[in-house]
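Secondary and tertiary structure notes
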Amino acid sequence: MLNMRDSGVKEIAVALRSGSASAKKAEAEGIKVLAVPEAAKWADVVMMLTPDELQSDIYRAELAPNLKQGAALMFAHGSTCIST
């Protein structure tokens, strides 16, 4: 999020579960915090960065019914790639 903001992106939000400890950190950095359904309705670009095993449930329950027409949806998986 911070790299997007620092690169000049004007409107950024993070979607988090209610009670997430990360919400306070995001808000302290000036990042808007939304619930997943709200974020899906708001965003033009959605990037799902959750553990692989949770993605399909989150998509079906919270994203699919709320994505606005024409929004881009991207997924990333939980593998870590390290090189030396």
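Residues numbered from 1 in each chain as written. Predicted model: local features only at pLDDT ≥ 70, side-chain atom pairs only at ≥ 80, totals over all residues. Heavy atoms only, no water.

1. With respect to the overall build of the protein chain
Using the following cut-off: Strands here mean DSSP runs of E at least two residues long; helices mean DSSP runs of H or I at least four residues long; both are numbered from the N terminus. Throughout, a contact is declared for two residues whenever any of their heavy atoms are within 4.5 Å. Residue exposure ignores everything except the shown protein chains as possible cover, and the areas themselves are Shrake-Rupley values with a 1.4 Å probe. Only four residue types enter the tally: Lys and Arg on the positive side, Asp and Glu on the negative side; His and the chain ends are excluded. To locate a charge, the coordinates of NZ of Lys, CZ of Arg, CG of Asp or CD of Glu are taken.
When you go through the protein chain residue by residue, the secondary structure sums to four helices and four strands. Start at the N end of the protein chain and walk to the C end: the helices and strands fall as α-β-α-β-α-β-α-β. Oriented by its inertia axes, the alpha-carbon framework of the protein chain measures out at about 35 × 30 × 30 Å. In the protein chain, the share of contacts with a sequence separation of at least 24, taken over all contacts with a separation of at least 6, comes to 45%. Of the roughly 6,300 Å² of accessible surface on the protein chain, a fraction of 54% belongs to carbon and sulfur atoms. Here the protein chain carries 9 positive and 10 negative side-chain charges, and the mean point of each set is 4 Å from the other.

2. Some thoughts on the side chain of serine 20
Put simply, the rule reads: In protein, a polar contact means a hydrogen-donor-capable atom and an acceptor-capable atom, both N or O and within 3.5 Å, with residues adjacent in sequence counting only if both atoms are side-chain atoms; elsewhere, any N or O pair within 3.5 Å suffices.
Here serine 20 shows up in the loop between β1 (13-15) and α2 (21-28). At 3.1 Å, the side chain of serine 20 and the backbone nitrogen of serine 22 are in polar contact.

3. With respect to α2
Its side-chain oxygen placed 3.1 Å from the backbone nitrogen of serine 22, serine 20 serves as the N-cap of α2. One or two residues past the end of α2 sits glycine 30, with phi positive at roughly 80°.

4. A word on the side chain of glutamine 55
Put simply, the rule is: Using a 1.4 Å probe on the protein chains alone, a residue whose accessible area is under 20% of its type maximum counts as buried, one over 50% counts as exposed, and one in between counts as partly exposed.
Summarising the element assignment, glutamine 55 is placed in helix α4 (residues 52-63). By relative accessible area, which is 12% here, glutamine 55 ends up buried. Those residues within four positions of glutamine 55 in sequence are excluded, and the remaining contacts are Met48, Thr50, Phe75 and Ala76.

5. Section: the pattern of salt bridges
Test applied: By convention in these notes, a salt bridge is any Lys or Arg side-chain nitrogen within 4 Å of a carboxyl oxygen on Asp or Glu.
Taken as a whole and assessed by the stated rule, the structure comprises four salt bridges. Put simply, arginine 60 and aspartate 57 hold a salt bridge, and the shortest N to O gap is 3.2 Å. On the criterion of helical spacing, the pair formed by arginine 60 and aspartate 57 is a turn pair, its members being three residues apart in helix α4. One continuous salt-bridge network, built from bridges that share partners, spans Arg5, Asp6 and Glu29.

6. Side note on the pairing of strand β3 (residues 45-48)
Selection rule: Strand pairing is assigned whenever DSSP detects at least two bridges linking the two strands. For a crossover, the right-handed case is the one in which the path from the first strand over the helix to the second runs clockwise, viewed with the strands pointing away from the viewer.
The side-chain alternation of β3 yields one buried face, formed by Val46 and Met48, and one unburied face, formed by Val45 and Met47. Summarising the sheet, β3 and strand β4 (residues 72-75) pair through four bridges and their orientation is parallel. Each bridged residue has a counterpart across the sheet, and for methionine 47 the counterpart in β4 is methionine 74. You can see the chain leave β3, run along α4 and come back into β4, and the turn it takes is right-handed.

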